[in-house]
Amino acid sequence: MESADRIPELRKLLDGANYAYYVDADPLMPDSEYDKLLRELIDLEETHPEHFDKTSPSQRVGGEPISAFESVAHRIPMQSIDNTYTVEDICGWYDRMCDLLSEPPICTCDPKIDGVAISLRYEDGVLLQAITRGDGERGDDVTAQVRSIRSVPLRLRGEFIPAVIEVRGEIYMPNASFDKINEERKAQGDQLFANARNATAGTLKSLDPKTVSERNLAFLCHGRGEVNWNDEPDTWHEFVAAVKKLGIPVADQLVVCHSAQQITEAVESFEEQKNDLGFGIDGMVIRVDSFGSQTKLGSTAKSPRWCIAFKYPAEQGKTLLTKVDWQVGKNGTLTPRATMNPIFLAGTTVQHATLHNIDEIHRKDIRVGDLVVVEKAGEIIPQVVSSIPSARDGAQEKTAPPVMCPVCEGPVEKEGPKLYCVNPECPAQFREKVKWFAARDQMDIDGLGEKVVDQLVDAGLVHHFADLYTLTKDDLLPLEGFAEKSAVALVDAIEDSKTRGLARVLSGVGIRLVGRATAKTIARVYSNLDLLQQATVDDFVSLHDFGLITAETLHKAIHSKQGQELFHKLAEVGVVLSQEQNATVDPAFANKTMVITGTLAQWERKALTEELEKRGAKVTGSVSKKTDVVIAGESAGSKLKKANDLGIEVWDEEQLAARLSL
Ligand SMILES: [Zn+2]
């Protein structure tokens, strides 16, 4: 159907599908059907531009990336809520409410979602603005990002549309999306998000709304800002029911309570359900239900008196530790991993936990066969907290460090708390090295993720980095998961990576102590391998931020037999071992050591690091006498203090922006 008449019909169908999915939790149609209808709508709107409407479901698909976030004042400050960790504190709070109001108030309990707080402003039913909490007074305008989140209605529904309504709530990442994103990052060799909240915050900071729309974020309402609504109810629980009718997702677990006893029961009974919701909950919010009473109670400078958050402790459980094994990393690091009898914690079955290192194992005296306490908070990687020595039967022996590498049986050496396999030919190390080499920040070879590297090494196709560059389509086709198209794509991607330049090759081949920043410094000074090979240890020591150990390690790595062979082979297959020098070195940044600290409104830290490095600065993690400039964002802490103590130049975000735009 080509007719424009179909446009309103499609919009209604798609809005209805979103409402059913996010508000009623009762999907109307499969995702494929939704996508098909959306495609049809987009096509029709393109043919009939006169029907453009910014609240059309097609307008979620992600607008143009924005260049920076604008800081905007909240009309009504977004205060934070006082936290409590005990039932006694809740009872104490309820008693205070009774005193202040001279009668026992009706209260509500609803889940406290672990996400990023946001304020959504609707005028005449249309989403106008989305602002992050920021410092409570001002936040970032993330409207373009939030519009791409499907559970946020672009237009409110129903008959009684408020003139103005600000709903406050939490943007969060459902557990399923979080797991999926971390799997993808793992395959790409990117650093994993520690938990869903970090992943949500990181996603919202993306200047490109398309990234946000791909991450499957969601929204739940948990508060109100400015409201101008003739039909506004008088209580929170009625407000929740009313905004739900407007199409705004709310938590369905709200409980109305008439006494401290009932509140305690609600909090305790919710602890059992909280892991089944499919998203992270870190507590419950308890509030006085009547808006009139809320106004009477008012706020302290920091938080409203009429509500309090109860935080559940990190979930712990006891289980039997059955095995400690040692996993070999890229530089030969041996990391201990605990295997335990499966235990259900915070919504998932846990069987493995990290033990960090051998010193940590000895400090906690953790032994195979021990009953151990395991902890998991939200979606964070599980930890072994302690052993329970009183449960031992005498068979448990002190955990000994491995005498040889579990994979190659090569010799193991201890350096500080860490153990290393020092066999340079270790296949386990090689596998990890290839994964590192191919990852996004190094040679950036699309399609060469963890699984494919394992396949290539297992099939005996790759014994050396250079072997990647001689792979052919016919080598790949017999491997599981490869077809004509994917095999050609991988060969092309590998070919493309030849020209990444010396800095990326140096960090890609995994020379110990030579990370991304160090490799860039080297490649800036020595623009090709020949020059680098002529440099002495003393030359390296004179480089910005090089110590003697790094200089010696680098020199040894380049001049060792393996090092010589490595670069020779890479050159032979056509990998470029030189670096184009940036002709336009920026004097405000060139050769300066900079430290970024605090939260920056307009920059993602990684992007800023890249920008500074592009201009010739070296970005490091800690402030020392060698630091030239500290860039301090909001709530910068100890690093800023240290910079001030040392008299180091400090730039705030405005000063940074001014210098960047010169
Ligand atoms: Zn080994």
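What you are looking at is a predicted structure, and each value in this text was computed from that prediction instead of being measured.

Thresholds applied
Residues numbered from 1 in each chain as written. Predicted model: local features only at pLDDT ≥ 70, side-chain atom pairs only at ≥ 80, totals over all residues. Heavy atoms only, no water. Helix = DSSP H or I, 4+ residues; strand = E, 2+ residues; numbered from the N terminus. Rg over C-alpha atoms; globule rule 2.2 N^0.38 Å. Areas by Shrake-Rupley, 256 points an atom, 1.4 Å probe, with all protein chains shown as cover. Lys, Arg positive; Asp, Glu negative; His and termini not counted. Charge placed at Lys NZ, Arg CZ, Asp CG, Glu CD. Donors = N, O, S within 2.8 Å, 3.2 Å for Na, K, Ca; no water. Tetrahedral: all angles 85-135°; square planar, octahedral: opposite > 155°, others 65-115°. Buried < 20%, exposed > 50% of the residue type's maximum accessible area, 1.4 Å probe, protein only. Pairing = 2+ DSSP bridges. Axes fitted to C-alpha atoms, helices over the stretch in contact; angles between N-to-C directions. Phe/Tyr/Trp six-rings, centres within 6.5 Å; stacked < 30°, edge-to-face > 60°. Lys NZ or Arg CZ within 6 Å of the ring centre and 35° of its normal. Core = buried A, V, L, I, M, F, W, Y, C linked by side-chain atoms within 4.5 Å. Domains from an automatic or database assignment. Contact = heavy atoms within 4.5 Å. Polar contact = N/O pair within 3.5 Å; in protein donor to acceptor, adjacent residues only side chain to side chain. Arc of directions from axis to C-beta. Salt bridge = Lys/Arg side-chain N within 4 Å of Asp/Glu carboxyl O. Patch = residues over 30% accessible without salt bridge, like charges linked within 9 Å, V, L, I, M, F, W, Y side chains within 5 Å. Left-handed = near helix turned anticlockwise from the far one by under 90°. Nonpolar A, V, L, I, M, F, W, Y, C, P; charged D, E, K, R; others polar.

K.L.:
Provide a residue-level description of the overall build of the protein, including the pertinent values.
P.N.:
Of the regular secondary structure elements, the protein holds 24 helices and 22 strands. Relative to its length of 662 residues, the protein is compact, with a C-alpha radius of gyration of 29 Å against a globular reference of 26 Å. Roughly 32100 Å² of accessible area belongs to the protein as shown, and the carbon and sulfur atoms make up 50% of that amount. Both charge centroids of the protein, one from 75 positive and one from 102 negative side chains, sit 4 Å from each other.

K.L.:
So what's going on with the coordination of the zinc ion? Residues and values would help.
P.N.:
Taken together, Cys405 (SG), Cys408 (SG), Cys421 (SG) and Cys426 (SG) make up the full set of protein donors to the zinc ion, lying 2.2 to 2.4 Å away. Around the zinc ion, the four donor atoms are arranged such that angles at the metal cover 98 to 120°; this shape is classified as tetrahedral. Each donor residue of the zinc ion belongs to the same chain, and together they define the spacing C-x2-C-x12-C-x4-C. One end of the pair, Cys405, is in the loop between strand S16 (383–387) and strand S17 (412–415); the other, Cys421, is in strand S18 (residues 418–421), and 16 residues separate them in sequence. Overall, the relative accessible area of 3% leaves Cys421 in the buried class.

K.L.:
Any details on the sheet that holds strand S21 (residues 629–632)? Residues and values, ideally.
P.N.:
An order of S20-S19-S21-S22 is seen for the four strands of this open sheet, with the pairing classed as parallel. Sheet topology places strand S20 (618–620) and strand S22 (649–651) at the edges, where each strand pairs with a single neighbour. Averaged over all neighbouring strand pairs, the angle between strand axes comes to 30°, with direction disregarded.

K.L.:
Residue-level account of the packing of aromatic side chains, with values.
P.N.:
By the definition in use, this model includes ten aromatic pairs. For the ring pair Phe589 and Trp651, a centre distance of 5.7 Å and an interplane angle of 90° mean the geometry is edge-to-face. Residue Phe589 is found in the loop between helix H21 (561–572) and strand S19 (593–597), and its partner Trp651 is found in strand S22; the two are separated by 62 residues along the sequence. Of the two residues, Phe589 and Trp651, neither departs from the other in class, the shared state being buried. Above the face of the Tyr34 ring, Arg150 is positioned so that its terminal group lies 3.6 Å from the ring centre. Above the plane of the ring of Trp236 lies Arg287, whose end atom (NZ or CZ) is 3.9 Å from the centre.

K.L.:
Summarise the nonpolar core; cite the residues concerned and give the values.
P.N.:
If you look at the biggest cluster of nonpolar residues, it comprises 50 residues, and the most contacted ones within it are Leu468, Tyr469 and Phe540. Looking at this core, the elements that each hand over two or more residues are helix H12 (427–438), helix H13 (450–458), helix H15 (484–496), helix H16 (502–508), helix H17 (516–525), helix H18 (529–534), helix H20 (548–559) and H21. Counting only domains with at least three residues in this core, you end up with domain 4 (427–499) and domain 5 (502–572). Ignoring any residue separated from it by four or fewer positions in sequence, one finds Tyr469 in contact with Phe437, Met443, Ile445, Ile494, Ser497, Lys498, Leu570, Val573 and Val575. In this structure, Leu154, Ala199, Phe219 and Ile248 belong to the second largest nonpolar core, which totals 37 residues.

K.L.:
Account for the side chain of His464, with residues named and values stated.
P.N.:
With respect to the secondary-structure elements, His464 resides in the loop between H13 and helix H14 (473–476). On the basis of relative accessible area, His464 is assigned to the buried category, the value being 13%. A distance of 2.9 Å separates the side chain of His464 from the backbone nitrogen of Ala466, its partner in a polar contact. Contacts of His464, omitting those with residues within four sequence positions, involve Phe430, Leu566 and Lys569.

K.L.:
Describe the sheet that holds strand S7 (residues 164–172), and please don't skip the residues or the numbers.
P.N.:
Taken together, the four strands give an open sheet; going across it, the order is S5-S4-S7-S8, and neighbouring strands pair in antiparallel fashion. Edge strands, defined here as strands with exactly one partner in the open sheet, are strand S5 (126–132) and strand S8 (218–228). Averaged over all pairs of adjacent strands, the angle between their axes in this sheet comes to 25°, without regard to strand direction. Pairing of strand S4 (residues 116–123) with S7, which is carried by eight bridges, proceeds in the antiparallel orientation. Bridge pairing in S7 links Val116 to Ile171. Running at roughly 50° to S4, helix H6 (residues 196–204) makes contact with S4 and S7 of the sheet. Against the sheet, helix H8 (residues 236–245) engages S7 and S8, with an angle of about 110° to S8.

K.L.:
Could you give an account of H6, with specific residues and numbers?
P.N.:
Residues of H6 that are buried: Ala196, Ala199, Thr200, Thr203 and Leu204. Looking down the long axis of H6, one finds its buried residues gathered within 125° of arc, a one-sided arrangement.

K.L.:
Help me get a handle on the pattern of salt bridges, residues and values and all.
P.N.:
Applying the stated criterion across every chain, the model contains 38 salt bridges. One salt bridge in this structure joins Glu166 and Arg168, with 3.4 Å as the shortest N-O distance. One exposure class covers both Glu166 and Arg168, and it is buried. Bridged by salt links that share partners, the residues Arg75, Arg121, Glu123, Glu166, Arg168 and Glu226 form one connected network.

K.L.:
Pulling in residues and values, what's your account of a negative patch on the surface?
P.N.:
Taken together, the side chains of Glu265, Glu268, Glu271 and Glu272 make up a negatively charged region of the molecular surface. Along the chain, Glu268 falls in helix H9 (residues 260–273). Its relative accessible area of 46% is what places Glu268 among the partly exposed residues.

K.L.:
For the environment of Thr211, give the residues involved together with the corresponding values.
P.N.:
Following the sequence through the fold, Thr211 ends up in helix H7 (residues 209–214). As for Thr211 and Ser148, which are separated by 63 residues in sequence, their C-alpha atoms are 9.3 Å apart. For Thr211, the residues in contact, after removing those within four places along its chain, are Thr203 and Ser206.

K.L.:
Report on the pairing of strand S12 (residues 315–328), specifying residues and quantitative values.
P.N.:
The sheet contact formed by S12 and strand S15 (residues 371–376) spans six bridges and is antiparallel. Each bridged residue has a counterpart across the sheet, and for Gln316 the counterpart in S15 is Glu375. Judged from the seven bridges that link them, S12 and strand S13 (residues 333–345) form a sheet pairing that is antiparallel. The residue bridging Lys323 from the neighbouring strand is Thr339, located in S13. Hairpin connection of S12 to S13: four residues between the antiparallel strands, including Gly332 at a positive phi of 85°.

K.L.:
Now, about the packing of helix H1 (residues 6–22) against helix H2 (residues 31–47): what can you tell me, with residues and values included?
P.N.:
Packing of H1 against H2 leaves a shortest axis separation of 10 Å and a crossing angle of 145°. Relative to H2, H1 is oriented so that their crossing is left-handed. In contact with Arg6, Ile7, Leu10, Arg11, Leu13, Leu14, Ala17 and Asn18 of H1, H2 contributes Tyr34, Leu37, Leu38, Glu40, Leu41, Leu44 and Glu45. Here the contact of H1 with H2 is built from residues that sort into ten nonpolar, one polar and four charged.

K.L.:
Describe the environment of Gly481, and please don't skip the residues or the numbers.
P.N.:
Within the fold, Gly481 resides in the loop between H14 and H15. Spatially, the C-alpha atoms of Gly481 and Val452 are 9.1 Å apart, while their sequence positions differ by 29 residues.

K.L.:
Requested: an account of unusual backbone geometry, with residues and values cited.
P.N.:
What is expected of a backbone is that most residues other than glycine have negative phi and most peptide bonds are trans. Of note, Asn216 is a non-glycine position whose phi angle comes to about 60°, a positive value. Tracing the sequence through the fold places Asn216 in the loop between H7 and S8. Of note, His356 is a non-glycine position whose phi angle comes to about 65°, a positive value. Topologically, His356 is positioned in the loop between strand S14 (348–354) and helix H11 (358–364).

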